[in-house]
Amino acid sequence: MPLTGFQKVYGVLKLWNSSGYVTFDERCTAAIQEHLPGYTNRLFAKELFEHIDRTGDLKESPQKPEDGWEVPFFYSSKPEFDGKRLYVKVILTEDGDEIEDCIILVVSVHPPTF
């Protein structure tokens, strides 16, 4: 039975400590540094994984063509980091059916607009 998008995103985030699986848009790296001084991308990925592991907070939504990403869905979550809630949007790229064939790109990090 094929893995769902949620399972793939979760599985890739579980590899947060391995290079190349969770990647970051330059703007997201800057946003992380702005909103969470002292955080590295790796620490951010670790805490995002722990949040989703603990809460299951990961929403799949259709990707809009005007956003410029050629993927059918994006995934979002609203984790709390050191008392600051942030909206996180990721896209999943797949080169096969296994977790190890997937990469996550973090494309948006900002305070939620609720």
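Residues numbered from 1 in each chain as written. Predicted model: local features only at pLDDT ≥ 70, side-chain atom pairs only at ≥ 80, totals over all residues. Heavy atoms only, no water.

Digging into the nonpolar core
Okay, so step 1: Core analysis: the biggest nonpolar cluster contains 28 residues, and Val9, Leu13, Phe44, Val106 and Val109 have the highest contact counts within it.
Okay, so step 2: Mapped onto this core, the elements with two or more residues apiece are helix H1 (5-13), strand E1 (22-24), helix H2 (26-35), helix H3 (41-55), strand E6 (87-94) and strand E7 (102-110).
Okay, so step 3: The element best represented in this core is H3, accounting for five residues.
Okay, so step 4: Once residues lying within four places of it in the same chain are set aside, the contact partners of leucine 13 are Val22, Ala45, Leu48, Phe49, Ile52 and Ile104. (Core = buried A, V, L, I, M, F, W, Y, C linked by side-chain atoms within 4.5 Å. Buried < 20%, exposed > 50% of the residue type's maximum accessible area, 1.4 Å probe, protein only. Helix = DSSP H or I, 4+ residues; strand = E, 2+ residues; numbered from the N terminus. Contact = heavy atoms within 4.5 Å.)

Overview of unusual backbone geometry
Okay, so step 1: Phi is positive for aspartate 82, which is not a glycine, with a value near 50°.
Okay, so step 2: As for its position among the elements, aspartate 82 is in the loop between strand E4 (80-81) and strand E5 (84-85).

Overview of the sheet that holds strand E2 (residues 59-62)
Okay, so step 1: One open sheet accounts for five strands, arranged E1-E7-E6-E3-E2; its pairing is mixed. The sheet terminates laterally at E1 and E2, the two strands that pair on one side only. For this sheet, the mean angle separating the axes of adjacent strands, direction not counted, is 35°.
Okay, so step 2: Judged from the three bridges that link them, E1 and E7 form a sheet pairing that is parallel. In the sheet register, phenylalanine 24 faces E7, and the bridge partner there is valine 106.
Okay, so step 3: Of the strands in this sheet, E1, E2, strand E3 (73-77), E6 and E7 touch H1, which is tilted by about 85° from E7. (Pairing = 2+ DSSP bridges. Axes fitted to C-alpha atoms, helices over the stretch in contact; angles between N-to-C directions.)

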